[in-house]
Amino acid sequence: MKIYTKTGDKGTTSLIYGTRVSKNDKRVEAYGTCDETNSMIGLALSYLNGEYFSGKEEMQEIFHKIQTALFHVGAELATPSGKNVKWTLEEKDIEELEAKIDAWDAALPQLTNFILPGGHQAGAAMHVARTVARRAERQAVELGEEVNPLVLSYLNRLSDFLFVAARYVNMHLGSKEQTLHQN
Amino acid sequence: MKIYTKTGDKGTTSLIYGTRVSKNDKRVEAYGTCDETNSMIGLALSYLNGEYFSGKEEMQEIFHKIQTALFHVGAELATPSGKNVKWTLEEKDIEELEAKIDAWDAALPQLTNFILPGGHQAGAAMHVARTVARRAERQAVELGEEVNPLVLSYLNRLSDFLFVAARYVNMHLGSKEQTLHQN
Amino acid sequence: MKIYTKTGDKGTTSLIYGTRVSKNDKRVEAYGTCDETNSMIGLALSYLNGEYFSGKEEMQEIFHKIQTALFHVGAELATPSGKNVKWTLEEKDIEELEAKIDAWDAALPQLTNFILPGGHQAGAAMHVARTVARRAERQAVELGEEVNPLVLSYLNRLSDFLFVAARYVNMHLGSKEQTLHQN
Ligand code: B12
Ligand code: B12
Ligand code: B12
Ligand SMILES: C[C@H]1O[C@@H](n2cnc3c(N)ncnc32)[C@H](O)[C@@H]1O
Ligand SMILES: C[C@H]1O[C@@H](n2cnc3c(N)ncnc32)[C@H](O)[C@@H]1O
Ligand SMILES: C[C@H]1O[C@@H](n2cnc3c(N)ncnc32)[C@H](O)[C@@H]1O
Ligand SMILES: [Mg+2]
Ligand SMILES: [Mg+2]
Ligand SMILES: [Mg+2]
């Protein structure tokens, strides 16, 4: 099968189960933005290649699970209301994020103010991914009652995870946190 | 002429031929997102500098044409309905994308499942560009009857091109494709 | 205090002063996109590490101020109408951008056509940041009368600043500007 089918050239596409919708449907918008979040995470991970720090493999492993879970989030969003979701998100996906947030946060200096997004390329791209995850969350919220509440919790926790992951990676790869400019 | 004119400080701007519109006009949204796609492609290309693989120059040449074509897409979107478009998109721009998709896809392992976006920085950034191109497509769809159908076909094919290009670059730069996490 | 409070898991959040709103509120959309702009600037800056050119420290200093100012823009957008804004944007924040645009532009070849976004990673990422800043501007415009006019001017100037900064960095880091493809 060819990657391109041209069936979507007139602005419509299909959800899981084949329901045709416009490409500007709220569901398409929401899972499209999960795909964007996932891709930005992929870019962040690309910067870990060639870098070494204790806990790096563990970090890669959890990111592997997150990238997979984002396809489950996508399946939740791409399944029309009332139909069975084939790839489901689980409560434990969220708990895994929380466990890592707690563990990493304990190793980081406590914050009482905003920090400037940036640092090592990997950390900086995680900050970007954080803001794209928040955009995906905003678009999932647009679906209102039609969205599985686990999707909203997952995306909400994901952006907090990405904040802590960015800080953690920056700490390990020697990038000092920058605070707001004083003048 | 200064880059900044301050004429847009109150939230309006002009299309080609000078028609004033709000900056949140659907056309501005759509060509603004083409500009974002173009810029993300520029970031992806920046990672090819210093890398070598057979076919790299050919890839850079087609990306040069794509970046140019995105200005033609932009001109289509920035021209008010009923006016003559000065920079037109051509059927052959789409055919060129298809030819490259076919050629590169033939060299790649066939897929029967999703792959995780990521890999070498260049491939990873092409995945991000792919998702931004899809966002641009969704916004062009918002224009409905007012958009040249070639624009929709071009953006649709462009995201498939970027998918295959990402895989192709990753194969050549030694990044193994990752599949969904099994647990 | 934990980073994650779970209070936003149902799709609402709070502005400054605690007003609860939906996460797809126009204000949240606008300051969320400022956060995305800020993060993309952070990624661009990460590529300056390890590079040397005359004026680099000055560039980092102004970007430090810009990243800070974006939190002031965020505070303007996150404060409900009629309430006192605690972090205010100043006319001089805009003037500083203009001064740098003028200084750098004078050192650059004059343009009579579009250039392709790209170049050195730092310059290429500044082009991406430029397009995200323009998206933030479009969303701030959505707020209509409710937005401080300085916010619109700042975001408008910021994208012009990022254009000139991208060119300036590319000139210094040896990346030739590419023009549209001729064929
Ligand atoms: C929703 C969806 C997406 C979503 C996300 C999916 C998610 N769960 O989050 C997003 C937006 C990310 C997406 C992206 C893409 N998708 Co898609 N997607 C779908 C859709 C509508 C449902 C897939 C799904 O989630 N099913 C739920 C699972 C549980 O059910 P399933 O039926 O077993 O799904 C399997 C296959 O659909 C898929 N699969 C099978 N063969 C192939 C081949 C390819 C190349 C890919 C990528 C996937 C794929 O693997 C799934 C798991 O086994 C299908 C069409 C359809 N109606 O089925 C297209 C579909 C799978 N997608 C397709 C394509 C081309 C893509 C993109 C390459 C588009 C692009 N240019 O970006 C990317 C690839 C992304 C990647 N990283 O690999 C094509 C594949 C065509 C082919 N066989 O070559 C399909 C069939 C649509 C079509 N054109 O008809 N997609
Ligand atoms: C649509 C548009 C865009 C679109 C895309 C265009 C597209 N086709 O996809 C997008 C959003 C990408 C864009 C971006 C920018 N644009 Co613009 N754009 C326009 C607009 C409305 C039409 C241009 C067009 O496509 N014309 C169609 C072609 C066929 O007709 P043309 O008249 O021959 O167009 C030529 C010139 O307009 C342009 N040109 C001439 N002098 C200069 C100088 C500069 C600095 C640039 C960038 C372009 C430029 O080159 C074109 C080809 O020859 C014009 C204003 C207008 N009403 O004309 C502004 C205009 C060209 N843009 C302008 C600016 C400042 C920019 C940005 C720097 C803004 C920013 N901060 O991001 C970027 C630069 C991007 C880049 N890579 O170079 C200014 C240039 C001012 C100047 N002379 O210095 C203009 C004149 C608007 C204004 N302020 O009055 N733009
Ligand atoms: C608007 C806002 C944002 C905006 C931008 C702010 C702006 N001005 O542009 C954006 C979207 C960028 C943002 C992002 C984040 N935010 Co916020 N944000 C707020 C909010 C609503 C107002 C903050 C503000 O601007 N106040 C204006 C200033 C002048 O008043 P202030 O009261 O003195 O503000 C101070 C504190 O609020 C803040 N602060 C104090 N302790 C902490 C701890 C942390 C971890 C952080 C990040 C900030 C922070 O520092 C400010 C300056 O001194 C507050 C909640 C609230 N209602 O106050 C949450 C709040 C500060 N944010 C919070 C969080 C968790 C985050 C993020 C980590 C979320 C994420 N996963 O991305 C990021 C961090 C970004 C960063 N770079 O550091 C939490 C902090 C919880 C904690 N104490 O650990 C708060 C309290 C919301 C909550 N959950 O209850 N935020
Ligand atoms: C830290 C602050 O970020 C805001 N906030 C909460 N969720 C989102 C989101 N998805 N996108 C943008 N901003 C958000 C709230 O105002 C919160 O208090
Ligand atoms: C691969 C799947 O991606 C979805 N799809 C098609 N076009 C877009 C777009 N512009 N943005 C987001 N998702 C899209 C459809 O559901 C398709 O089947
Ligand atoms: C250079 C051109 O970019 C367009 N323009 C002006 N402001 C924005 C924005 N925030 N987003 C996208 N496009 C914009 C106008 O058409 C201007 O003439
Ligand atoms: Mg949250
Ligand atoms: Mg498509
Ligand atoms: Mg402007």
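Remember, it's a predicted structure, so these values are computed and weren't measured experimentally.

Q: Please provide a residue-by-residue account of the overall build of chain A, values included.
A: Counting secondary structure elements, chain A contains 5 helices and 2 strands. The secondary structure elements of chain A, listed N-terminal to C-terminal, are β-β-α-α-α-α-α. Along the first, second and third principal axes, the C-alpha set of chain A runs to 50 × 40 × 30 Å. At a minimum sequence separation of 6, the contacts of chain A that also span at least 24 residues come to 74%. Put simply, chain A shows about 7600 Å² of open surface, and 49% of that area lies on carbon and sulfur atoms.

Q: Any chance you could break down the relation of the copies chain A and chain B for me, citing the residues and the numbers?
A: The operation relating chain A to chain B is a screw motion whose rotation component is 120°, with 0.0 Å of axial translation and a residual RMSD of 0.0 Å. Such a combination of turn and shift is consistent with a three-fold rotation axis.

Q: Which residues make up the packing of helix 2 (residues 56-78) of chain B against helix 5 (residues 149-172) of chain B, and what are the values?
A: All names here are of chain B. Look at helix 2 against helix 5: their axes get within 12 Å of each other, and the N-to-C directions meet at 155°. Compared by their axis directions, helix 2 and helix 5 come out roughly antiparallel. The way helix 2 lies across helix 5 gives a crossing that is left-handed. Counted together, M59, I62, F63, I66, A69, L70, V73, E76 and L77 of helix 2 and V151, Y154, L155, L158, F161, L162, A165, Y168 and V169 of helix 5 form the full contact between these two elements. Classifying every residue of the contact of helix 2 with helix 5 by side-chain character gives 17 nonpolar, no polar and 1 charged.

Q: Please provide a residue-by-residue account of the pattern of salt bridges, values included.
A: In total, this model carries 42 salt bridges over all chains according to the counting rule given. Notably, a salt bridge pairs R27(A) with E146(A), separated by 3.1 Å at the nearest N-O pair. Placement of the pair is R27(A) in helix 1 (residues 26-46) and E146(A) in the loop between helix 4 (121-141) and helix 5 (149-172), with a sequence separation of 119 residues. A salt bridge links D9(C) to R157(A), with the nearest nitrogen and oxygen atoms 2.7 Å apart. Taken as a pair, D9(C) in the segment before strand 1 (12-14) and R157(A) in helix 5 lie in two separate chains rather than in one. Look at R157(A) and you get buried, because its relative accessible area is 2%. In this structure, a network of salt bridges that share partners links the residues E36(A), R135(A), E36(B), R135(B), E36(C) and R135(C).

Q: Could you give an account of the UniProt feature "domain: Cobalamin adenosyltransferase-like" (unreviewed entry) in chain A, naming the residues involved and the relevant values?
A: Annotation from UniProt places "domain: Cobalamin adenosyltransferase-like" (unreviewed entry) at residues 3-169 of chain A. Here residues 3-169 of chain A is 62% helix and 4% strand, with 36 Å between the C-alpha atoms at its ends.

Q: Provide a residue-level description of the environment of L111(A), including the pertinent values.
A: In this fold, L111(A) is placed in the loop between helix 3 (91-107) and helix 4. Ignoring any residue separated from it by four or fewer positions in sequence, one finds L111(A) in contact with F163(A), R167(A) and E177(A).

Q: Talk me through helix 3 of chain A; I want residue IDs and the actual numbers.
A: An α-helix turns once per 3.6 residues; consequently, residues spaced three or four apart project the same way. Residue and element names in this part refer to chain A. The terminal C-alpha atoms of helix 3 lie 25 Å apart, and with 17 residues this matches the ideal 24 Å at 1.5 Å per residue to within 8%. Among all positions in helix 3, only D93, I94, L97, E98, K100, I101 and W104 are buried. Down the axis of helix 3, the smallest arc covering the buried residues is 165°, so these residues share one side. Among the structural elements, helix 2 (56-78) and helix 5 are those in contact with the buried residues of helix 3.

Q: I'd like a description of unusual backbone geometry, backed by residues and values.
A: What is expected of a backbone is that most residues other than glycine have negative phi and most peptide bonds are trans. Residues and elements named next belong to chain B. Here the phi dihedral of K6 falls at roughly 65°; this positive angle occurs in a residue that is not glycine. Mapped onto the secondary structure, K6 falls in the segment before strand 1 (12-14). For K6, a relative accessible area of 44% translates into the label partly exposed. A positive phi angle, close to 75°, is found at Y17, a residue other than glycine. Mapped onto the elements of the fold, Y17 is located in the loop between strand 1 and strand 2 (20-22).

Q: Can you lay out the site of ligand 4 for me, pointing to particular residues and giving the numbers?
A: Neighbouring ligand 4 are R134(A), E137(A), R138(A), T13(C), S14(C), K23(C), V28(C) and Y31(C). With respect to ligand 4, the chains having nearby residues are chains A and C. At a separation of 2.5 Å, an oxygen atom of ligand 4 approaches a polar side-chain atom of R134(A). S14(C) places a polar main-chain atom, nitrogen or oxygen, 2.8 Å from an oxygen atom of ligand 4.

Q: I'd like a description of the interface of chain A and chain B, backed by residues and values.
A: Facing the 35 residues of chain A at the interface are 40 residues of chain B. Both sides of the chain A and chain B interface together cover about 3100 Å² of buried area, and 55% of this is carbon and sulfur. Interface area lost by chain A to chain B is led by I3(A), Y4(A) and D9(A), which between them contribute 20%. Applying the counting rule to chain A against chain B returns 7 salt bridges. Secondary-structure elements contributing two or more residues to the side of chain A that touches chain B are helix 1 and helix 2 of chain A. No other element matches the 12 residues that helix 1 of chain A contributes to the side of chain A that touches chain B.

Q: Residues and numbers for the confidence of the model for chain A, please.
A: When pLDDT is averaged across chain A, the result is 97; 100% of the residues are at 70 or more. The ipTM value of the predicted complex is 0.99, and its pTM value is 0.99.

About the cut-offs
Residues numbered from 1 in each chain as written. Chains lettered and ligands numbered in written order. Predicted model: local features only at pLDDT ≥ 70, side-chain atom pairs only at ≥ 80, totals over all residues. Heavy atoms only, no water. Helix = DSSP H or I, 4+ residues; strand = E, 2+ residues; numbered from the N terminus. Contact = heavy atoms within 4.5 Å. Areas by Shrake-Rupley, 256 points an atom, 1.4 Å probe, with all protein chains shown as cover. Least-squares fit on C-alpha atoms with pLDDT ≥ 70 in both. Axes fitted to C-alpha atoms, helices over the stretch in contact; angles between N-to-C directions. Parallel < 35°, antiparallel > 145°, perpendicular 65-115°, else oblique. Left-handed = near helix turned anticlockwise from the far one by under 90°. Nonpolar A, V, L, I, M, F, W, Y, C, P; charged D, E, K, R; others polar. Salt bridge = Lys/Arg side-chain N within 4 Å of Asp/Glu carboxyl O. Buried < 20%, exposed > 50% of the residue type's maximum accessible area, 1.4 Å probe, protein only. UniProt positions renumbered as here; feature names shortened; annotations may be inferred. Expected span 1.5 Å × (residues − 1). Arc of directions from axis to C-beta. Near = heavy atom within 4 Å. Polar contact = N/O pair within 3.5 Å; in protein donor to acceptor, adjacent residues only side chain to side chain. Buried area = accessible area lost by both parts, 1.4 Å probe. pLDDT = per-residue confidence, 0-100.

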